[in-house]
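# Residue-level structural notes
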Amino acid sequence: MSDLPASARVTVVSVCFNSMAVLPDMLASVPADTPVVLVDNASTDAAAVAELAGARGARLVRNAENRGFGVACNQGAALAGTEFVLFLNPDAQLMPDTLDELVAAAERHPHASAMNPRIAEADGSAYFKRHSHLMPRAEKMPRGWPEADREVTVLSGAALFVRRADFEAVGGFDPEIFLYHEDDDLSRRLRAERGPLMFVRAALVQHLGGRSSVRSPEVAALKAWHMGRSRVYAARKHGQKFAFGRALFQATAQLLSPAVLLSKRKRAKQWTFFRAVLASRKPG
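Every value quoted in this text rests on a predicted model; they were computed, and no experiment measured them.

## Points about the pattern of salt bridges
Within the structure shown, the criterion is met by twelve salt bridges. Close ionic contact of Glu 107 with Arg 9 constitutes a salt bridge, the shortest N to O distance being 2.8 Å. Here Glu 107, found in helix H4 (residues 98-108), pairs with Arg 9, found in the segment before strand S1 (10-16); they are 98 residues apart in sequence, far enough to count as distant. The exposure class of Glu 107 is partly exposed, given its relative accessible area of 35%. Residue classification places Arg 9 among the buried positions, given a relative accessible area of 7%. We note a salt bridge from Asp 183 to Lys 129, for which the minimum N-O separation is 3.1 Å. In this pair, Asp 183 is assigned in helix H6 (residues 182-193) and Lys 129 in the loop between strand S7 (126-127) and strand S8 (150-152), connecting sequence segments 54 residues apart. Accessibility assignment for this pair places Asp 183 and Lys 129 in one class, buried.

## Some words on H4
Where H4 is concerned, the buried positions are Thr 98, Leu 99, Leu 102, Val 103, Ala 105 and Ala 106. Down the axis of H4, the buried side of the element spans an arc of 155°, and every buried residue falls inside it. Tucked into the core, H4 has its buried residues touching S1, strand S4 (84-88), strand S5 (92-94), strand S6 (114-120), strand S9 (159-163) and strand S10 (197-207).

## Let's talk about the layout of surface pockets
Its volume calculated, the second largest pocket comes out at about 340 Å³. What lines the second largest pocket is a set of 14 residues, and nearest its centre among them are His 131, His 133, Arg 137, Gln 240 and Arg 246. Elements supplying a minimum of two residues to the lining of the second largest pocket: helix H7 (217-237) and helix H8 (243-255). Element by element, the count of residues in the lining of the second largest pocket is highest for H8, at four residues. Considering only residue class, the lining of the second largest pocket consists of five nonpolar, five polar and four charged.

## Digging into empty space enclosed by the protein
This model, assessed by the stated rule, comprises one cavity of 30 Å³ or more. Computed from the structure, the largest cavity encloses a volume of approximately 70 Å³. Contributing to the lining of the largest cavity are Asn 116, Pro 117, Ile 119, Tyr 127, Phe 128, Lys 129, Val 152, Val 154, Leu 155 and Phe 199. Ranked by residues supplied to the lining of the largest cavity, first place goes to S6 with three residues. Here the residues of the lining of the largest cavity are counted per class, giving eight nonpolar, one polar and one charged.

## Description of helix H3 (residues 69-78)
Extensive coverage of H3 is indicated by the burial of nine of its ten residues. Taken together, the buried positions of H3 are occupied by Phe 69, Gly 70, Val 71, Ala 72, Cys 73, Asn 74, Gln 75, Gly 76 and Ala 77. Buried residues along H3 sit in contact with S1, strand S2 (36-41), strand S3 (59-63), S4, helix H5 (164-169) and H6.

## Considerations on the side chain of Ser 156
Relative to the elements of secondary structure, Ser 156 occurs in the loop between S8 and S9. Within the structure, Ser 156 has its side chain in polar contact with the backbone nitrogen of Ala 158 (distance 3.1 Å). Aside from chain neighbours lying at most four places away, what touches Ser 156 is Asn 116, Ile 119, Tyr 127, Lys 129 and Asp 183.

Conventions we followed
Residues numbered from 1 in each chain as written. Predicted model: local features only at pLDDT ≥ 70, side-chain atom pairs only at ≥ 80, totals over all residues. Heavy atoms only, no water. Salt bridge = Lys/Arg side-chain N within 4 Å of Asp/Glu carboxyl O. Helix = DSSP H or I, 4+ residues; strand = E, 2+ residues; numbered from the N terminus. Buried < 20%, exposed > 50% of the residue type's maximum accessible area, 1.4 Å probe, protein only. Arc of directions from axis to C-beta. Contact = heavy atoms within 4.5 Å. 1 Å grid on protein atoms, 1.4 Å probe; cavity = no way out; pocket = protein on both sides within 12 Å on 5 of 7 lines; lining within 4 Å. Points joined across faces, edges and corners; volume = space filled by probe spheres on them. Nonpolar A, V, L, I, M, F, W, Y, C, P; charged D, E, K, R; others polar. Polar contact = N/O pair within 3.5 Å; in protein donor to acceptor, adjacent residues only side chain to side chain.

Following this line, the structure appears as structure tokens:
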């Protein structure tokens with residue numbers, strides 16, 4: 001057991017993309033003795049991010065282009081020298097005891113490779129990732145937060161706490177996944193190769209949800225393109241049958257939804273998602 005306080009045994013890694021609306025509050029919630037690495041994916045507000053990082057004493061990685069969530073997380077984790085890494089969205093906030101509870105849980109469950117705290121939405125409701133497109137239906141978990149610590153089948157990347165040695169042993173996030181399903185893929189590999197995944201009831205993270213970057217038709221389209229490509233790629237990687245056909249069916253159904261007619265942002269999102277799935281018809 002380390003003599004360091006729990007908060008000093010964790011490096012918080014956060015990926016920024018036009019996130020200044022939420023980033024100051026996230027950083028303010030991180031204990032002063034906790035190392036922080038910010039990876040800026042070519043934000044238009046990069047100068048403000050740099051100033052904020054300097055004021056906090058955070059290490060800053062500035063990418064000349066948007067390299068995607070997984071690659072940026074890997075860049076941040078490569079600078080961590082602590083036993084644990086917490087990948088935390090810019091629109092999330094820690095409670096004063098969140099890191100203490102996560103480290104205590106890691107000591108209670110020494111074979112666990114990675115964990116999620118309780119994640120609360122902006123209105124206080126429970127967010128709990130219970131399923132993934134990469135999982136068989138038999139592994140789908142009940143809705144809502146479990147009543148106590150328990151093993152789970154997949155983790156959310158919004159607040160993903162991992163032993164650095166296990167993260168490095170599986171090669172980190174898959175760099176071929178630009179955005180979406182990278183946390184599912186990492187969860188599946190950690191669970192298969194390194195040890196169980198855990199939900200930690202006593203640790204809490206407040207998540208504003210969908211505010212890590214600005215909301216606009218252009219951003220929605222960018223995300224949808226990578227969602228479509230990632231959906232097919234990750235499903236094929238994990239041996240899902242009819243990976244392309246299932247994604248195409250979903251994309252078509254969403255594109256034909258009446259709700260698409262009422263929102264420019266939704267039209268941009270669903271049309272681009274459909275195109276991205278089509279573009280993934282052939283592997284590679």
